[in-house]
Structure formats: C-alpha cells, structure tokens
Amino acid sequence: MQVEMLPQFLKVCALINYGILLVWFAAFWFAHDAMYRLHARWFPMPVEHFNAIHYISMAVYKIGILLFCLVPYLALRFIG
C-alpha cells in the first residue's frame, strides 16, 4: 500500500467500523429481549449485567475506532 492511500484506507475503515457499531446498537435497541434470552441460555445473568456489558463493550469499541482509525486519519490529513 502506498502512503498516499493510507488516509483513504483509514477513512473507509472508520466508516465500516461505525456501521458495525450502528448495527450493534440497532440490534440492541430493537431486539433487546430476544438477544437477552439467547445469551441468558448460555450465560445466566441479570438483565442489568447484560445491559452493562453491552454498554461498556460499545464504548470500548467506539474508543478503539477513535484511536486506531480517526486519530491516525486526522494526523495524516494535518501533516499532508
């Protein structure tokens, strides 16, 4: 990969990752009960823990997108 292509690559990666995050959030919002029943069969837990796990996981995923896609993209745009 050429260095000139790197900002475009990081931008596409960020968009794909935010798409995944939006699908995850939509599934959590609209199919919460079905997801909880499915996971509670394998891992018995209260619904509060289930919600906290997903909320924290989404936050960590979003921070990962920021650190590994958006910040390098912006840095390359500033120096380029």
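Heads up: the structure comes first, above all this text.
So, here is what we can say about the structure in this document.

Their axes nearest at 9 Å, the elements helix 1 (residues 6-30) and helix 3 (residues 47-79) cross at an angle of 165°. The angle between helix 1 and helix 3 places the two elements in the roughly antiparallel class. As helix 1 runs across helix 3, the sense of the crossing is left-handed.

Attention now goes to helix 3. Under the 1.5 Å per step criterion, the end-to-end length of helix 3 is 47 Å for 33 residues, consistent within 8% with the ideal 48 Å. At Leu66, helix 3 is bent by approximately 35°, the largest bend along its length. Among the residues of helix 3, those classed as buried are Phe50, His54, Met58, Ile65, Cys69 and Tyr73.

Further remarks concern the state of the cysteines. Evaluation of the coordinates by the stated rule reveals zero disulfides. Free cysteine: Cys13, not disulfide-bonded; nearest cysteine sulfur from Cys69 at 5.1 Å. Taking the relative accessible area as the measure of exposure, Cys69 reaches 7% and is therefore buried.

Note that His32 resides in helix 2 (residues 32-42). Setting aside anything within four residues of it in sequence, one finds His32 in contact with Ala27, Val47, Phe50 and Asn51.

Rules and cut-offs
Residues numbered from 1 in each chain as written. Predicted model: local features only at pLDDT ≥ 70, side-chain atom pairs only at ≥ 80, totals over all residues. Heavy atoms only, no water. Axes fitted to C-alpha atoms, helices over the stretch in contact; angles between N-to-C directions. Helix = DSSP H or I, 4+ residues; strand = E, 2+ residues; numbered from the N terminus. Parallel < 35°, antiparallel > 145°, perpendicular 65-115°, else oblique. Left-handed = near helix turned anticlockwise from the far one by under 90°. Expected span 1.5 Å × (residues − 1). Bend = angle between axes of the 7 residues up to and from the residue. Buried < 20%, exposed > 50% of the residue type's maximum accessible area, 1.4 Å probe, protein only. Disulfide = S-S within 2.5 Å. Contact = heavy atoms within 4.5 Å.

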